[in-house]
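# Topology and contacts: notes
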Amino acid sequence: MGSPDRKTLSFFLIFVPVYLHRGLSQEAGPAVQRKPFFQRLRRLEDQFQSFQEVMLTHLQAIASNYNVSYNIDARFQSLAQGSQAMALAVNQSQAAMQSDLGHLKTWMRKMHRRSRKVDSRLLALGATLSERSQQRARERKEQEAQRETLSSLALDMRALQDTLARLMHVVQSQGAKLDTLEERLQVAGPGTTAPAWPPAQPEPPSPSAPKLQGTRQVLRALLEPRDSPQDFADNLQGTREHPGSGSQRSWPPEKPGEICNVGPALVFPNASTKNVVFLSPGFPLGLRALSVCTWVRTASGYLGTLLSYATEENDNKLVLHGRDSLAPGSIHFVIGDPAFRELPLQPLLDSRWHHVCVIWTSILGRYWLHVDRRLVATGSRFREGYEIPPGGSLVLGQEQDTMGGEFDSSEAFVGSVAGLAIWDRVLVPREVSHLAIGKEFPPGAILTLANATLVGGFVQRVNCTCLELCP
C-alpha cells in the first residue's frame, strides 16, 4: 500500500523541475508570448500549490496509515504473545484441573468404599440391636417365668417345711418313746418283777434304725434356713442323690481316690519360664460363652497362671492368672484387658486336689466360680455383649506379654493340672457336679489336654487312672 505512493511522489518531484525549466527557457522568446507564459506559470503555481496541498494531505494520510499499520502490527504481536500466554495458562489450568479431578475421583472412590463399609456396619449394628432386643425380650419372659416358678416353689417350700416340722415333732416323740423303752429294758434285769404289760423281748438292732437316722438328717437339712428357693431345690436334689448326707453346702469333697477317668495330667515342677504348654488350634470361632473346668493341685504359696489366651491385638484376651505380688489364694479373671474380676481361691493352697470351674457368658456379663461343686463367687455386668475373638495363642502355665512369648517366672504356675477342658457354652450346676465327681463328662468340649501340641521345659505329661495316682 505504501510503495505506489512513493512512486507517485518521485514522479512529481522529477516532473515539476523539468516543467519549470521549460517555462524559464521560453521567457527568452518574443515579448508577445510572455504574458500567456506568466499566466500559465501562475496557473502552474496554483496547480503546484494545490498539488502540494493534495500531496501534503496525501502524505499525512500515508503517514497516519503507516503509524496505524505499525500500531496494528505491534498490537497483533502483543495479541499473539497474549494468546500464547493465555494458551499456556489454559494448558496449566487444564492440567491442574485434571489433577484435581483425579484426586476428586480417588476421594470419591474412597468415600464410596467407606460409605459401603459404614452401611455394612450399620446393617450389622441394626441386626445386632434387633437380636439383642429379641434376646432381652426372651430374657424378660424367662425371668418372669422364673419368678413365677420361684414364687410357686417358695410357697411349696413353706408348706413342705410346715409338714416336715410336724413330721419331725412326731419322729422326735417316737424317738423319745423308743429311748424310754430302751432305758426301761436296760434297767430291768434278772429277777426283776415283770411289769403289768408283757415285757419286750431283747431284739437285735432293727434294720430301720439307720433309715430313721437318715430321715432325721434329711429333716434337719430341709428345715435349715436357706438363701433362696433355688438353694432349697438344689439341696433337696442332693439329698435325693446322697441320702443321709445333709445339705449340699455341707457336703465334704469326694476323696481323691474315688475320682477316676480324669484323663491326662500335666506336672509343672518349678517356676521356670520354659515350663509352658500350648493348646492348638486355639479358638476357631469367637466365643460369647465360656466354661473352663479342671482339677488343680498347687505346690507354691500362690496360684500362678492357669491359662492365658493372647491375640495380635491384645495379649490378655482371656487370662486366669496370679503372681507372687497378689494376695495369696487370689487370681485375676481377665476378659479383654483391662477388664477383670478377682476370684477367691484360698482352698487351693492346701496342696490337695480341687476341682475348679470358671464360667462366663456375654448375656448380662454373668460369671460363676465353682470349687469342689460349691458356688463360691458369682457376678454380672462383666464384659456384657463382648466376644472373645478367634485366631489367638492359648497357653497353660504361663502369662503371655506378647502372642506366644515374653513369660515371667513370677506369674508361672507350679503344681499339677488334670482333666482340663473348655466349652463354648455355660455348664449348668448339675453338669459341674457330675464332672467334679467323675460321674459324667459334659458333651461339646472344644479343647482338652489332648490338644496339647507343645509341652516345653520340665513339664511332665502323665496318664493316671485316678487322681490319687497322679503326682
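Quick summary incoming for the structure in this document.

Conventions we followed
- Residues numbered from 1 in each chain as written.
- Predicted model: local features only at pLDDT ≥ 70, side-chain atom pairs only at ≥ 80, totals over all residues.
- Heavy atoms only, no water.
- Phe/Tyr/Trp six-rings, centres within 6.5 Å; stacked < 30°, edge-to-face > 60°.
- Helix = DSSP H or I, 4+ residues; strand = E, 2+ residues; numbered from the N terminus.
- Buried < 20%, exposed > 50% of the residue type's maximum accessible area, 1.4 Å probe, protein only.
- Lys NZ or Arg CZ within 6 Å of the ring centre and 35° of its normal.
- Pairing = 2+ DSSP bridges.
- Axes fitted to C-alpha atoms, helices over the stretch in contact; angles between N-to-C directions.
- Disulfide = S-S within 2.5 Å.
- Core = buried A, V, L, I, M, F, W, Y, C linked by side-chain atoms within 4.5 Å.
- Contact = heavy atoms within 4.5 Å.
- Patch = residues over 30% accessible without salt bridge, like charges linked within 9 Å, V, L, I, M, F, W, Y side chains within 5 Å.
- Areas by Shrake-Rupley, 256 points an atom, 1.4 Å probe, with all protein chains shown as cover.
- Salt bridge = Lys/Arg side-chain N within 4 Å of Asp/Glu carboxyl O.

## Considering the packing of aromatic side chains
Summed over all chains, the structure comprises five aromatic pairs. When the centroid spacing of 5.6 Å and the interplanar angle of 80 degrees are considered together, the rings of Phe268 and Phe413 count as edge-to-face. Placement of Phe268 in strand E1 (residues 264–268) and of Phe413 in the loop between strand E11 (393–396) and strand E12 (415–423) is noted, with a sequence separation of 145 residues between them. Judged by relative accessible area, which is 2%, Phe413 ranks as buried. Measuring from ring centre to ring centre gives 5.4 Å for Trp423 and Phe441, while their planes differ by 40 degrees; the resulting arrangement is tilted. Residue Trp423 is located in strand E12, and its partner Phe441 is located in the loop between helix H5 (429–436) and strand E13 (445–448); the two are separated by 18 residues in the primary sequence. An aromatic cluster is built from Phe333, Tyr367 and Phe382, whose rings are joined through pairwise contacts. Sitting over the ring of Tyr386, Arg383 keeps its end group 4.5 Å from the ring centre.

## Observations concerning the sheet that holds strand E2 (residues 277–279)
Reading across the sheet, the seven strands line up as E7-E6-E5-E4-E11-E2-E14 and stay open at both edges, with antiparallel pairing between neighbours. Each having just a single partner strand, strand E7 (340–344) and strand E14 (452–455) make up the two edges of the open sheet. Put simply, the sheet's adjacent strands are angled 20 degrees from each other on average, direction ignored. Here strand E4 (residues 307–310) pairs with E11 via four bridges, running antiparallel. Paired with Tyr309 across the two strands is Leu394, which belongs to E11.

## A few points about the state of the cysteines
Cysteine pairs can be linked by a disulfide, which is a covalent bond between their two sulfur atoms. The final tally for this structure, using the stated rule, is two disulfides. Shown here is the disulfide that connects Cys293 with Cys357, its sulfur atoms set 1.9 Å apart. In this structure, the disulfide formed by Cys293 and Cys357 twists by about 120 degrees around the S-S bond and is classed as right-handed. Remark: Cys357 occurs in strand E8 (residues 354–361) and Cys293 occurs in strand E3 (residues 289–298); sequence separation between them is 64 residues. Like Cys357, Cys293 is buried. A sulfur-sulfur distance of 1.7 Å marks the disulfide that ties Cys464 to Cys470.

## Notes on the nonpolar core
In terms of nonpolar packing, the biggest core is built from 41 residues, with Phe283, Leu318, Phe333, Trp360, Ile388, Leu396 and Ile422 touching the most fellow members. The residues touching Leu396, leaving out its near neighbours within four places in the chain, are Leu266, Phe268, Val276, Val277, Leu279, Leu306, Leu307, Leu420 and Leu449. Residues Ile259, Ala265, Trp353 and Leu467 belong to the second largest nonpolar core, which totals 10 residues.

## Focus: a nonpolar patch on the surface
Where nonpolar side chains cluster on the molecular surface, the patch consists of Met97, Leu101, Leu104, Trp107, Met108 and Met111 and spans about 600 Å² of accessible area. Among the structural elements, Leu104 can be located in helix H2 (residues 34–187).

## So, unusual backbone geometry
Following Ser280, the chain continues to Pro281 via a peptide bond in cis, the omega torsion being 15 degrees. Turning to its location among the elements, Pro281 is positioned in the loop between E2 and E3. Look at the link from Asp337 to Pro338: it is a cis peptide, with omega at 20 degrees. Inspection of the secondary structure puts Pro338 in the loop between strand E6 (330–335) and E7. With a phi close to 60 degrees, Arg381 is a non-glycine residue in the positive phi region. Mapped onto the elements of the fold, Arg381 is located in the loop between strand E10 (374–379) and E11. Given the relative accessible area of 53%, Arg381 is considered exposed.

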